[in-house]
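# Architecture and fold: a report
Read off the chains here:
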Amino acid sequence: MTYQVMPKVELHTHLEGCAPPSFIRGLAKEKSVDISGVFNADGSYSYRDFDHFLTVYEAACTTLQGPQDFYRLVKAVLEESASHGVVYQETFLSPDFCGGGDVEAWRDYLAAMETAAAEAEAEFDITLKGIVTAIRHFGPDAAKPAALCAAETFGDFITGFGMAGGELAGRPGDFAYAFDMAREARMPLTCHAGEWGGPDMVADTLRDLKVQRIGHGINAVRDPALVDQLAEAGTVLEVCPGSNVFLKASGGWDQHPIKTLRDAGVKVTVSTDDPPFFGTTMTHEFNMLSQTFGWEEADFKDLNQTALNAAFCDAETHTKIAKRLEA
Ligand code: HPA
Ligand code: ZN
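This section reports on the structure supplied with the text.

Cut-off values and rules
- Residues numbered from 1 in each chain as written.
- Chains lettered and ligands numbered in written order.
- Predicted model: local features only at pLDDT ≥ 70, side-chain atom pairs only at ≥ 80, totals over all residues.
- Helix = DSSP H or I, 4+ residues; strand = E, 2+ residues; numbered from the N terminus.
- Expected span 1.5 Å × (residues − 1).
- Buried ≥ 20, exposed ≤ 12 C-beta atoms within 10 Å, placed from the backbone.
- Arc of directions from axis to C-beta.
- Contact = placed C-beta atoms within 7 Å.
- Axes fitted to C-alpha atoms, helices over the stretch in contact; angles between N-to-C directions.
- Parallel < 35°, antiparallel > 145°, perpendicular 65-115°, else oblique.
- Left-handed = near helix turned anticlockwise from the far one by under 90°.
- Nonpolar A, V, L, I, M, F, W, Y, C, P; charged D, E, K, R; others polar.
- Pairing = 2+ DSSP bridges.

### Points about helix α3 (residues 67–82)
- The first and last C-alpha atoms of α3 sit 22 Å apart over 16 residues, in line with the 22 Å expected at 1.5 Å per residue.
- Burial in α3 covers these residues: Pro 67, Phe 70, Leu 73, Val 74, Val 77, Leu 78 and Ser 81. Each buried residue of α3 sits inside an arc of 120 degrees when the element is viewed along its axis, so together they form one side.
- Among the structural elements, α1 (21–31), β2 (86–93), α4 (103–124) and β3 (127–135) are those in contact with the buried residues of α3.

Shown next as structure tokens:
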């Protein structure tokens, strides 16, 4: 049994991290950008650990030099996601890579990405929404213009605000200004926490940034009281098991906390994070969860429904996707 054709809802992807290696190599050649060190001899992305991954990621991003490149990226990414049954995807978009945090430049990049998403919807039957994302290791001062870009463009396509990057850079409260700005614009919020940080990082993120969803959150499992708190509050975890196994944030598929968290009543969802970097796809995630934990179609339907309920999109999109999940 393979889950490739089953319709899927995916909440946690990084747009540039979904770029097929051949796409980045093609851009580099076109623009004569030096990307030595980004790829292994076999053509896969090359890095040693999570910190080095972030460095290689940013090096790959130097090939993306204008709105038209992001237009092409969105098309390439959505064609690939749709081939794995994804019908609705949310992706993190960083103004830092799209005009350096300048709101007017950001609008130009966004217009190109929205056009691409609309075309991909018609061609591949997949809906994309964007979550504007601050990059944590760029610091709290860089998070403010990212939040301003978010608040200024919140609407049909940009549906939320979040934070990715090096989780251990600073404490959540250091970024409260940016999250307050987005919350005051009535944006739904998410933040990476508990992938590398402990339960305290998850707890502080909930307390200081008041997010509805947590990116990863798996290390919450080490604190039973926090697990109860997550279950009670209905906090949604955007769990990326393949990413965690690949980067060794988890000891292996059989030791991955997603089952324990789900069994404890925490709302878990499944995503790929940066699929070509971590050798995964949504099909692979579902297949591995099925093999490891014996999860079946009913479990995946339940995970999809949890994800759709937690999606940051408008009611009309929600209804449309719900119909596709039933089909
Ligand atoms: N985690 C954190 N930050 C990131 C990632 C990721 O997987 N991808 C790009 N930025
Ligand atoms: Zn992530």
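Text resumes after the structure shown.
### Topic: the environment of Val 132
- Among the secondary structure elements, Val 132 is positioned in strand β3.
- The class of Val 132 is buried, set by 28 C-beta atoms lying within 10 Å.
- Along the primary structure Val 132 and Asp 51 are separated by 81 residues, whereas in three dimensions their C-alpha atoms are 22 Å apart.
- Contacts of Val 132, omitting those with residues within four sequence positions, involve Leu 93, Pro 95, Ala 146, Cys 149, Ala 150, Ile 158 and Phe 161.

### Thoughts on the packing of α3 against α4
- Taken N-terminus to C-terminus, the directions of α3 and α4 make an angle of 30 degrees; their axes are 8 Å apart at the nearest point. By the criterion of interaxial angle, the relationship of α3 to α4 is roughly parallel. Helix-helix and strand crossings are classified by hand; for α3 and α4 the assignment is right-handed. Two secondary-structure elements touch here, α3 through Pro 67, Gln 68, Phe 70, Tyr 71, Val 74, Lys 75, Leu 78, Glu 79 and Ala 82 and α4 through Asp 108, Tyr 109, Ala 111, Ala 112, Met 113, Thr 115, Ala 116, Ala 117, Glu 119, Ala 120 and Phe 124.
- Its residues assigned to classes, the contact of α3 with α4 shows 14 nonpolar, two polar and four charged.

### Here's the deal with the sheet that holds strand β4 (residues 158–164)
- The strand order β1-β2-β3-β4-β5-β6-β7-β8 describes an open sheet built from eight strands, whose pairing is parallel. Since the sheet does not close on itself, it has two edges, and those belong to β1 (8–14) and β8 (267–270), each with one partner. On average, each strand axis in the sheet is tilted by 25 degrees relative to the strand beside it, whichever way the strands run.
- One ladder, built from five bridges, connects β1 with β2; its direction is parallel. What sits directly across from Thr 13, in β2, is Thr 91.
- Along the sheet, helix α7 (residues 199–209) contacts β5 (189–193) and β6 (213–216); its crossing angle with β5, the most-contacted strand, is approximately 155 degrees.

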